[in-house]
Every structure is written in structure tokens, then in C-alpha cells.
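If you want the building blocks of each chain, they are given just below.
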Amino acid sequence: MIIFNPTWEEAVAGAAGLAGMSAALLYRGKALAATPAVDEGDEGDEGARTARTARRLLASGRFAREAALVVALFALWQFAGTFSVLGPDGALGRARWLWDAERAMHLPSEAWLQHQILPHPVLMQAFNLYYDILHFPVLIACLIWLFIWHRDRYGPFRITLAVFTGLCLFIQLIPVAPPRMLSGIGMIDSAALYGQSVYSPTGGFEADQLSAMPSVHVGWAILVAIAVITVLRSPWRWLVLLYPVLTTTAVVVTANHFWLDGVAAGIVLAAVMAGQAAVRRVLPGREPQSSQQPVTQAAQVMTRSARG
């Protein structure tokens, strides 16, 4: 099975390449836009072609710049997963505390849910694949969708994504073991069972396996669902709520996260969005100049490029 899961070094290289491409495209686009034929509004064939080319280059350059930012964020996530502040010694103890806290709160047992799926190998392997490969592509697709068709919503979404992910990485510097590492609770490593694990085959307490709290995957799924629900107006948009539900189910039945890992992600995301709302209330006068005008201009560029 081939899984696309680049290292942080590969992600950094990709981000640098995209940044260089963006700089080149923007430089060339601005140079063409500044030519006399474009400046004077020449309606001839040559001037029109030059103007269209400039718009396309600028739009492509902006897109490559945003892609570089996202890949750089992924690189940071991968890098943060290679180390922790406190070391692995207390990771199992913290996981045990979470398990006991959930039982005290009478939350459903993750082990019970997993044992409902284990007798069905195809379904279990599907959940393993879901956990391994789906989260980042769906997030990227959402970013592209907002960037191209709903640019006014893209900026706030990107800020929320970056701040939420950064806070989660900061919290994950305190290692917490996933349920699959906790003995005596009846859960197994389902990905290892079917040879689908993305982690080291030697097992052990690598730092990237001890970043279970909070669940970034669940937080991303909730954020994508919020974006779809708030942007679209179709009654079918509510079906997107199945995405965070399925994501939470996947991370639990594969024994990669506790329920409380997802709850913590939701709390962090809610705090980030509340902080953004507070900033908008404090600085309402800056919204039209700093956000709306560039958004309108960018949307016009994309529309003209599509028509051309």
C-alpha cells in the first residue's frame, strides 16, 4: 500500500519550491501588467493577450503562494511530531488518566466501539485507510474551493487553520500515548494488525506517536464542516456534518485517539474562532480596507482569467 506522507524535510523543500514559483509568477505577472499597452488600456489583440496573460500569472502566483503557506504548515506539523518537551515517561500515565476520566464521565467505551468493527475486516481496513490518508487531501480541497470560488471566506479560514494547528502542536509538546499503547483496556492497533500502519514497524515510544492530545484530525474535520455550512446555502450542506462524525469514529476505532482528544480539539477550535470574532469587534473599521477591497479585486482577476 502506497501512502503519501512526506517527511518534514520533504515538506519544507516542497514549500520552498512553491514559494520560488510564486515569486517568479508574481514578478512576471507584475512586469507584464506594467507594460505600456496594458497601462494605456490598449484594446488591440496584442494588448488584450498581454493583459490576460498578466492576470493569469498573478492569479497563479497568488495560488502558489497560498499553497506554499499550507505546505509549510504541514512541514511544521511533521517537525513538531518528531520531538516532545517532557519525554515519553509520563505518556502512558496521562493516557491512563484520560481513560479513567472518561469512565468517570460515563462516556462510551472506545474498546466497545472498536470491537463492534473488528469482526468486519473490510470495514476495519477502510477506517485504517480513512485515518491514514484522507484528512490532509480534504483540507487542501476545502482551501482550494474557498480560494477560487469564495475568496472572501478564504482569509479568515486560513487564519483559523493556522492558529488552531499551531496551538495544537504547542499542546502536543506534552506527550500523551494513544489508546493502542495502553494495556489492559482491550484495544488493539488495528492498522498494525492489517499492515496499514504509517508509524515505525519497530513500535516503541517515538515522539510522533505520542501526540494524541488534542486530535488535529478531528479539529480539521470540524473546521471544514463549518466552512461548508457557513458558505453554502443549499439544505444539502448539512450532510457535511457526517465528515467530523466519521473522522471521530475513525480515530477512535483505530485506537489512535480517545474521545477526549476530539473534545479538546473542538474546545481549542472554538477558542480560536471566538478570539477572531473578538478581534473583528475591536477592529471593525479595518475590515473594508484590509479585507474586502483586495478580496473583490482578486475575485475579479479570477473571473477574468476564467473567461479568458
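Peer 1: Mind showing me how you'd approach the packing of helix H8 (residues 151-171) against helix H12 (residues 259-282) here?
Peer 2: How two helices sit against one another is set out by the angle between their axes and by the gap between those axes. At a minimum axis distance of 9 Å, the contact between H8 and H12 shows a crossing angle of 135°. Judged by the inter-axis angle, H8 sits oblique to H12. Handedness of the crossing formed by H8 with H12: right-handed. Contact residues: H8 offers Pro156, Ile159, Thr160, Val163, Phe164, Leu167, Cys168 and Ile171, while H12 offers Ala265, Val268, Leu269, Val272, Met273 and Gln276.

Peer 1: Can you walk me through the packing of aromatic side chains in this structure?
Peer 2: Both the distance between ring centres and the angle between the ring planes are used here to describe each pair of aromatic rings. Taken as a whole and assessed by the stated rule, the structure comprises 3 aromatic pairs. When the centroid spacing of 5.5 Å and the interplanar angle of 65° are considered together, the rings of Phe63 and Phe147 count as edge-to-face. Here Phe63, found in helix H3 (residues 45-80), pairs with Phe147, found in helix H7 (residues 135-149); they are 84 residues apart in sequence, far enough to count as distant. Taking the relative accessible area as the measure of exposure, Phe147 reaches 3% and is therefore buried. Ring geometry for Phe136 against Trp220: centres 5.9 Å apart, planes inclined by 50°, an arrangement best described as tilted. Remark: Trp220 occurs in helix H10 (residues 216-231) and Phe136 occurs in helix H7; sequence separation between them is 84 residues. A residue is classified by how much of its surface remains accessible, and Trp220, at 3% relative accessible area, is buried.

Peer 1: Got a minute to help me understand the confidence of the model for the protein in this structure?
Peer 2: A low pLDDT score tells you not to read the predicted coordinates there in detail. Confidence in the prediction for the protein averages 81 pLDDT; 79% of positions are at 70 or higher. Looking over the protein, one finds the lowest element-wise mean pLDDT in helix H13 (residues 287-307), namely 41, and the highest in helix H11 (residues 242-253), namely 96. Here residues 287-308 is modelled with pLDDT under 50, and outside its nearest four sequence neighbours on either side it reaches 20 contacts, counting other chains as well.

Peer 1: Looking at this model, I keep getting lost on the side chain of Thr247. Mind explaining?
Peer 2: Mapped onto the elements, Thr247 comes out in helix H11. Setting aside anything within four residues of it in sequence, one finds Thr247 in contact with Tyr130, His135, His217, Val218 and Ala221.

Peer 1: I'm lost on the nonpolar core in this one. Help?
Peer 2: Nonpolar side chains in soluble globular proteins tend to end up buried together. Core analysis: the largest hydrophobic core is formed by 36 residues, its most contacted members being Leu139, Leu143, Leu146, Phe157, Leu161 and Phe164. For this core, the secondary structure elements donating two or more residues are H3, helix H5 (110-117), helix H6 (121-133), H7, H8, H10, H11 and H12. Here the element with the most residues in this core is H10; it accounts for 8 residues. Not counting chain neighbours up to four residues away, the residues in contact with Phe164 comprise Val216, Gly219, Trp220, Ala265, Val268, Leu269 and Val272. Ala91, Ala101, Ala177 and Leu210 belong to the second largest nonpolar core, which has 18 residues in total.

Peer 1: Help me out: how do you make sense of the side chain of His135 in this one?
Peer 2: In this fold, His135 is placed in helix H7. Residue contacts for His135: discarding those within four places in its chain leaves Tyr130, His217, Trp220, Tyr243 and Thr247.

Peer 1: Honestly, the pattern of salt bridges in this entry has me stumped. Any pointers?
Peer 2: Opposite charge on two side chains lets them pair, provided their charged atoms get close. As enumerated under the stated definition, the model contains 6 salt bridges in all. Across the salt bridge formed by Glu110 and Arg103, the nearest N and O atoms sit 3.6 Å from each other. We classify Glu110 as buried; its relative accessible area is 0%. Between Asp152 and Arg153 there is a salt bridge, and its shortest N-O distance comes to 3.8 Å. By relative accessible area, Arg153 is classed as partly exposed at 32%. Among the ionic contacts, a cluster of salt bridges with common partners joins Arg65, Glu66 and Arg158.

Peer 1: Got a minute to help me understand H5 in this structure?
Peer 2: Residues three or four positions apart in an α-helix share a direction because the helix packs 3.6 residues into each turn. Where H5 is concerned, the buried positions are Glu110, Ala111, Leu113, Gln114 and Ile117. Summarising the axial view, the buried residues of H5 lie within an arc of 160°, below the 170-degree limit, and thus occupy one face. On its buried face, H5 is in contact with helix H4 (91-104), H6, helix H9 (190-193), H11 and H12. The N-cap of H5, judged by a side-chain oxygen 3.2 Å from the amide nitrogen of Ala111 a few residues on, is Ser109.

Peer 1: Honestly, unusual backbone geometry in this entry has me stumped. Any pointers?
Peer 2: Negative phi characterises most residues that are not glycine, and trans characterises most peptide bonds. Going from Met213 to Pro214, the amide bond is cis rather than trans, its omega being -5°. Structurally, the position occupied by Pro214 is in the loop between H9 and H10. Phi is positive for Ala255, which is not a glycine, with a value near 65°. For Ala255, the position within the fold is in the loop between H11 and H12. Since its relative accessible area comes to 0%, Ala255 is described here as buried.

How each quantity is defined
Residues numbered from 1 in each chain as written. Predicted model: local features only at pLDDT ≥ 70, side-chain atom pairs only at ≥ 80, totals over all residues. Heavy atoms only, no water. Axes fitted to C-alpha atoms, helices over the stretch in contact; angles between N-to-C directions. Helix = DSSP H or I, 4+ residues; strand = E, 2+ residues; numbered from the N terminus. Parallel < 35°, antiparallel > 145°, perpendicular 65-115°, else oblique. Left-handed = near helix turned anticlockwise from the far one by under 90°. Contact = heavy atoms within 4.5 Å. Phe/Tyr/Trp six-rings, centres within 6.5 Å; stacked < 30°, edge-to-face > 60°. Buried < 20%, exposed > 50% of the residue type's maximum accessible area, 1.4 Å probe, protein only. pLDDT = per-residue confidence, 0-100. Core = buried A, V, L, I, M, F, W, Y, C linked by side-chain atoms within 4.5 Å. Salt bridge = Lys/Arg side-chain N within 4 Å of Asp/Glu carboxyl O. Arc of directions from axis to C-beta. Polar contact = N/O pair within 3.5 Å; in protein donor to acceptor, adjacent residues only side chain to side chain.

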